[in-house]
Amino acid sequence: DPQQLELATSGKRKLRRFIVIDEVVDELYGSKVREYFEENNVQHKILALPTTEETKSMDLVLNILQEVQNFSIDRRTEPIIAIGGGVCLDIVGLAASLYRRRTPYIRVPTTLLSYVDASVGAKNGVNFLQCKNKLGGYTPPVASFLDRSFIQSIPRRHISNGLGEILKMALMKHKGLFDLLKSHGKHLLDTKFQSYSGSANHGDAALQTTRIAIETMLEELAPNLWEDDLDRLVDFGHLISPELEMRVLPSLMHGEAVNIDMAFMTYVAYMRGLITAEEKEQIIQCMRGLELPVWHSGCSWPLIKKALMERLKHSGGQPRMPLPTGLGMADIFNDTTEETLERAYKLWVRD
């Protein structure tokens, strides 16, 4: 809106911003964020919060909204800014969508997982009654600002965690991305996705992998932003993992739980004859190379059956099971028998 733009830049009114930042990110970068707003003469309130799967609740959303109300923002011209990992972006997105029915917000992801996953799309939400993201909505941010330098300060396990979601897109849609992960996975872990002039023999693997992951994710999500079509390739790794992740909190991170789900589904695809033994082995070896878990004792046969029953409830009575049909190729299946699943499970556990 030209009038709003003129008002914001004319100096007649001081710029104001409300920022929610994960408390760990605040310890690392809070002083720089404050300096930025002070140098640009922006009146600001920074709320540092513990944003983890355990605190991802409606209570935290209401805490944020109380502070937003106290700060008193203009919901048309003063977007709320979320700086943190996926949980932080989800919580703030839901808070913004509820405040005066819809307040704009900006996502600034600070982990690899949120950089390639939570930064894209419209979903937000919180956990409820021990169920992952049971409450939420579809309100896209007005912008996502992507800065890979945040990623250099996160632990190696968190890099691996993000690689799980990148691998998901590689297996479903992009063999070139799979090959990049296979060839450069260790380098990406070692360099924490930073681009160095000294890493010429790897090309700019960090830039290539993140760009392809985000582009393939956008290709999938953009035509189906509100999930009117329930056949979604991006659900690969997300059939069993929500149940597993909530059951064993906090021992598994999101990308790790997703990878365990993908490893099992790779065996299902093999058992159905959709991929060869060699392709199955390549996928599992790539996962190991990315330092991702390929099995977990908590992923029992009863848990798998329960998770798939939940899936049926929320996907129109069909399992809508995305499975690889090759490296970088996939399809959705509704006809996998329980016998096939159980045989795949036994082989997976044995291996």
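Residues numbered from 1 in each chain as written. Predicted model: local features only at pLDDT ≥ 70, side-chain atom pairs only at ≥ 80, totals over all residues. Heavy atoms only, no water.

In the nomenclature of an unreviewed UniProt entry, the chain is known as ARO1 protein of Thinocorus orbignyianus.

Trainee: Just to check I follow, could you spell out the packing of aromatic side chains for this structure?
Mentor: For any pair of aromatic rings, geometry is given as the distance between the ring centres together with the angle between the planes. Following the criterion strictly, the structure yields 7 aromatic pairs and no others. Taken together, a centroid distance of 6.3 Å and an interplanar angle of 75° make the contact between phenylalanine 264 and tyrosine 345 edge-to-face. Taken as a pair, phenylalanine 264 in helix H10 (residues 254–271) and tyrosine 345 in helix H13 (residues 338–350) lie far apart in primary sequence, 81 residues in all. The interplanar angle of 45° and the centroid separation of 5.3 Å between the aromatic rings of phenylalanine 264 and tryptophan 348 together place this pair among those described as tilted. Of the two residues, phenylalanine 264 sits in helix H10 while tryptophan 348 sits in helix H13, which places them 84 residues apart along the sequence. One exposure class covers both phenylalanine 264 and tryptophan 348, and it is buried. Three or more aromatic residues joined by ring pairs form one cluster here, namely Phe264, Trp301, Tyr345 and Trp348. The ring of phenylalanine 71 has arginine 16 lying over it, and the distance from NZ or CZ to the ring centre is 4.1 Å. (Phe/Tyr/Trp six-rings, centres within 6.5 Å; stacked < 30°, edge-to-face > 60°. Helix = DSSP H or I, 4+ residues; strand = E, 2+ residues; numbered from the N terminus. Buried < 20%, exposed > 50% of the residue type's maximum accessible area, 1.4 Å probe, protein only. Lys NZ or Arg CZ within 6 Å of the ring centre and 35° of its normal.)

Trainee: I tried to follow the sheet that holds strand S4 (residues 105–109) on my own but got confused; where do I start?
Mentor: Neighbouring strands of a sheet are bound in pairs by backbone hydrogen bonds; such pairs are parallel or else antiparallel. Strand order in the open sheet formed by 5 strands is S2-S1-S3-S4-S7, and the pairing between neighbours is parallel. A strand with exactly one partner marks an edge of an open sheet, and here the two such strands are strand S2 (43–49) and strand S7 (143–144). With 7 bridges joining them, strand S1 (residues 16–22) and S2 adopt parallel strand pairing. Its bridge partner lying in S2, arginine 17 is registered against histidine 44. Each of S1, S2 and strand S3 (80–84) touches helix H3 (residues 58–71); the most contacted strand, S2, lies at about 165° to it. (Pairing = 2+ DSSP bridges. Contact = heavy atoms within 4.5 Å. Axes fitted to C-alpha atoms, helices over the stretch in contact; angles between N-to-C directions.)

Trainee: I would appreciate a short explanation of the pattern of salt bridges in the present structure.
Mentor: Pairing is possible between side chains that carry opposite charge, provided their charged atoms lie close to one another. For the structure shown, the criterion picks out 28 salt bridges. Between glutamate 165 and lysine 168 there is a salt bridge whose closest N-O contact spans 2.8 Å. Taken as a pair, glutamate 165 and lysine 168 lie in helix H6 (residues 156–173) at a separation of 3 residues, close to a single helical turn. Overall, the relative accessible area of 1% leaves glutamate 165 in the buried class. Its salt-bridge partner being lysine 280, residue aspartate 351 comes within 3.8 Å of it at the nearest N-O pair. Placement of aspartate 351 in the segment after H13 and of lysine 280 in helix H11 (residues 277–289) is noted, with a sequence separation of 71 residues between them. Take aspartate 351: its relative accessible area is 44%, and that puts it in the partly exposed class. Several salt bridges share partner residues, and in doing so they unite Lys123, Glu227, Arg232, Asp235 and Arg311 into one network. (Salt bridge = Lys/Arg side-chain N within 4 Å of Asp/Glu carboxyl O.)

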